[in-house]
Amino acid sequence: MTKCVERPGKVFFANSGAESNDGLIKVARRYGHRKPQPDGKPRYEVLTFNKSFHGRTLGSMSATGQDKIKIGFDPMLPGFRHLPFNDLETAREAIRPETVAFMLETVQGEGGVNCVTPEFLRGLAQLCREHDLLLLMDEVQCGFGRCGDIMGWRAVAPDVEPDGISWAKALGGGFPIGGFWISDRAIDGQGTELSSIMDPGSHGSTYGGNPLGTAVGLAVLREVVSQGLPERARRLGAEIRREIESWNLPVVQGVRGLGLLLGIGLNPEMVAAPEGKTIASVVVEALRQEGLLSVPAGPETVRLLPPLNVSEEEIQQALAIIRRVLKTYAK
Ligand SMILES: Cc1ncc(COP(=O)(O)O)c(C=O)c1O
């Protein structure tokens, strides 16, 4: 079967993406105890990015770089700082003695369909090597084909080797399952494996790894690989993007994304939103009225996330609806 990562590692299965990210945060904290600060205090700080989305448990919500999901739930868990995305210099300067990991999405889905650049991702990997930090990829939305490769970051910088990865969504193809992978790379001169720091009892869940969920996950992965869905997502995503761009509609301010995770940027001067609504939610509702389900990504972007096995005919139908709706927004 296609390899998701080059190195061997271990997987803890979970029930959702947020829970999988909580698992990665626990790995980072454990690592910070194993490899403490010079004065012996544990390292604990996980650096994440503005506009990121990592889930709605207390841990994953604290990791998230968006205030709107935190309203009314203060105080957040300590030990997170949010930095500007794709700004390597700021990331370098942000590292402090207590810092233990970077955590990021390949494409910030919820935050506006913002793609990580290859330079930034490679630069973070280098910073991790220099400062003994963990590189944690949240692949909950991007993983398993969505971005045009079996893993999202591999579509951007396939040479990067994360230390931990979280999964959910496409792993179950609609069935609730998540998981997080931890690399087996050696963390000291004795060959101690990173994954071994999560020893028995350090993490667990009643239904994590249940036979039904994992059988579904395996069946889904076999389909994703045997049908070549990652390559298909790459080809279809590029076609959709080219088509929307070719319309040259003034309401469209660029199409962003990777594979079948696409965002249509909207011109805020051309769409009016009533009090309490965003222009993205207005257009998403207009598309829904015409029979197409989409979802906002931030206030000014419509996100397209078709199923990976969407037919070409369905794509044509969707494009016709998108064009019809977007054409109604004229100066
Ligand atoms: C990047 C990312 N991380 C984490 C999550 C949370 O996953 P779940 O809703 O399964 O808890 C999501 C959900 O949209 C996501 O997009």
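Scroll up to find the structure this text is about.
Since the structure is predicted, the reported quantities are computational estimates derived from the model, not experimental observations.

(A) Spotlight on the packing of helix α7 (residues 279-289) against helix α8 (residues 312-327). Following both chains from N to C, one finds α7 and α8 inclined at 125°, their axes separated by 10 Å at the closest point. On the basis of the axis angle, α7 is oblique to α8. Both α7 and α8 take part in a crossing whose hand is right-handed. Two secondary-structure elements touch here, α7 through V283, A286 and L287 and α8 through I321, I322, V325 and L326. Among the residues forming the contact of α7 with α8, the class breakdown is seven nonpolar, no polar and no charged.

(B) Region of interest: the environment of F175. In this fold, F175 is placed in the loop between β8 (164-167) and β9 (178-183). In sequence terms F175 and S16 are 159 residues apart; their C-alpha atoms lie 9.8 Å from each other. Here F175 is in contact with L212, G213 and V216, once residues within four sequence places are set aside.

(C) Layout of helix α1 (residues 17-34). In this model, α1 (18 residues) spans 26 Å end to end at C-alpha, consistent with the 26 Å of a helix rising 1.5 Å per residue. You can read the cap of α1 off the contacts: a side-chain oxygen lies 3.3 Å from the backbone nitrogen of E19, and it is on S16.

(D) Here's a closer look at the site of the ligand. Around the ligand, the neighbouring residues are S16, G17, A18, N21, F53, H54, G55, E105, D138, V140, Q141 and K169. F53 places a polar main-chain atom, nitrogen or oxygen, 3.3 Å from a nitrogen atom of the ligand. Isolated, the ligand exposes 390 Å² of accessible area, and the fraction of that covered by the protein chains is 80%. Per-element accounting of the shell around the ligand gives the leading share, three residues, to α1. In the shell around the ligand, the residues fall into three nonpolar, six polar and three charged.

(E) Main features of the packing of aromatic side chains. Applying the stated criterion across every chain yields a total of six aromatic pairs. Their ring planes at 5° and their centres at 5.1 Å tell us that F12 and F180 sit as a pair that is stacked. Here the residue F12 occupies a position in strand β1 (residues 9-14), and F180 occupies one in strand β9, the gap between them amounting to 168 residues. Just as F12 is buried, F180 falls in that class too.

(F) Spatial organisation of the packing of helix α6 (residues 229-246) against α8. Running from N to C, α6 and α8 cross one another at 25°; their axes reach a closest spacing of 11 Å. Regarding the angle of α6 to α8, the classification is roughly parallel. As α6 packs across α8, the resulting crossing turns out to be right-handed. Residues R232, R235, L236, I240, E243 and I244 of α6 lie in contact with α8, whose contacting residues are E312, I315 and L319. When its residues are assigned to classes, the contact of α6 with α8 shows five nonpolar, no polar and four charged.

(G) Summary view of the pairing of strand β2 (residues 45-49). β2 sits mainly inside the fold: five of its five residues count as buried. Neither face of β2 is exposed, since E45, L47 and F49 on one face and V46 and T48 on the opposite face are all buried. By the bridge criterion, three bridges tie β2 to strand β4 (residues 99-105) in an arrangement that is parallel. Counterpart to L47 in the pairing with β4 is F102.

(H) Molecular detail of the nonpolar core. Judged by nonpolar contacts, the single largest core of 77 residues is most densely connected at F102, L104, L121, L124, I244 and L326. For this core, the element with the highest residue contribution is α8, accounting for seven residues. Split by domain, this core shows at least three residues from each of two domains, domain 1 (9-226) and domain 2 (229-327). For L326, the contacting residues outside a window of four places in its chain are L249, V251, V252, I264, L266 and V283. If you look at the next biggest cluster of nonpolar residues, it comprises 20 residues, including Y31, V46, V100 and L194.

About the cut-offs
- Counting restarts for each chain: residues are numbered from 1 in the order of the written sequence.
- Per-residue local features are limited, in this predicted model, to residues with pLDDT of at least 70; the limit for side-chain atom pairs, both in listing and counting, is 80 or more; totals at the level of whole chains, interfaces and linings are taken over all residues.
- Only hydrogens and water are set aside when side-chain values are computed; all heavy atoms of the structure are taken into account.
- Convention adopted: a line fitted to C-alpha atoms gives each axis, helices being fitted over their contacting stretch, and angles between N-to-C directions are expressed from 0 to 180 degrees.
- Under the scheme used here, helices are H or I runs from DSSP no shorter than 4 residues and strands are E runs no shorter than 2 residues, and both carry numbers assigned from the N terminus.
- Angular relationships are summarised with four words: roughly parallel below 35 degrees, roughly antiparallel beyond 145, roughly perpendicular across 65 to 115, and oblique for the angles in between.
- Definitions for this section: a left-handed crossing has its near helix turned counterclockwise from the far helix by less than a right angle. A right-handed crossing has that turn clockwise.
- Here a residue-residue contact requires only that any non-hydrogen atoms of the pair lie within 4.5 Å.
- Nonpolar residues are Ala, Val, Leu, Ile, Met, Phe, Trp, Tyr, Cys and Pro. Charged residues are Asp, Glu, Lys and Arg, and all others, Gly as well, are polar.
- By definition here, a helix of n residues has an expected span of 1.5 Å times n minus one.
- Pairs of N or O atoms within 3.5 Å make up the polar contacts considered here, provided that, within protein, one atom can donate a hydrogen while the other can accept it, and that residues adjacent in sequence are counted only when both atoms are side-chain atoms.
- Being near a molecule or strand, for a residue, comes down to having at least one heavy atom within 4 Å of it.
- Note on areas: Shrake-Rupley with a 1.4 Å probe; residue coverage comes only from the protein chains shown.
- When the centres of two rings from Phe, Tyr and Trp lie within 6.5 Å, Trp using its six-membered ring, the rings pair. Their planes under 30 degrees apart give stacked, over 60 give edge-to-face, and anything left gives tilted.
- To sort residues, take the accessible area from a 1.4 Å probe on protein chains only and compare it with the maximum for the residue type: under 20% means buried, over 50% means exposed, and anything in between is partly exposed.
- At least two DSSP bridges between two strands are needed for those strands to be called paired.
- Nonpolar cores are built from buried Ala, Val, Leu, Ile, Met, Phe, Trp, Tyr and Cys residues. Side-chain atoms within 4.5 Å join them into one set.
- Source of the domain bounds: an automatic or database domain assignment.

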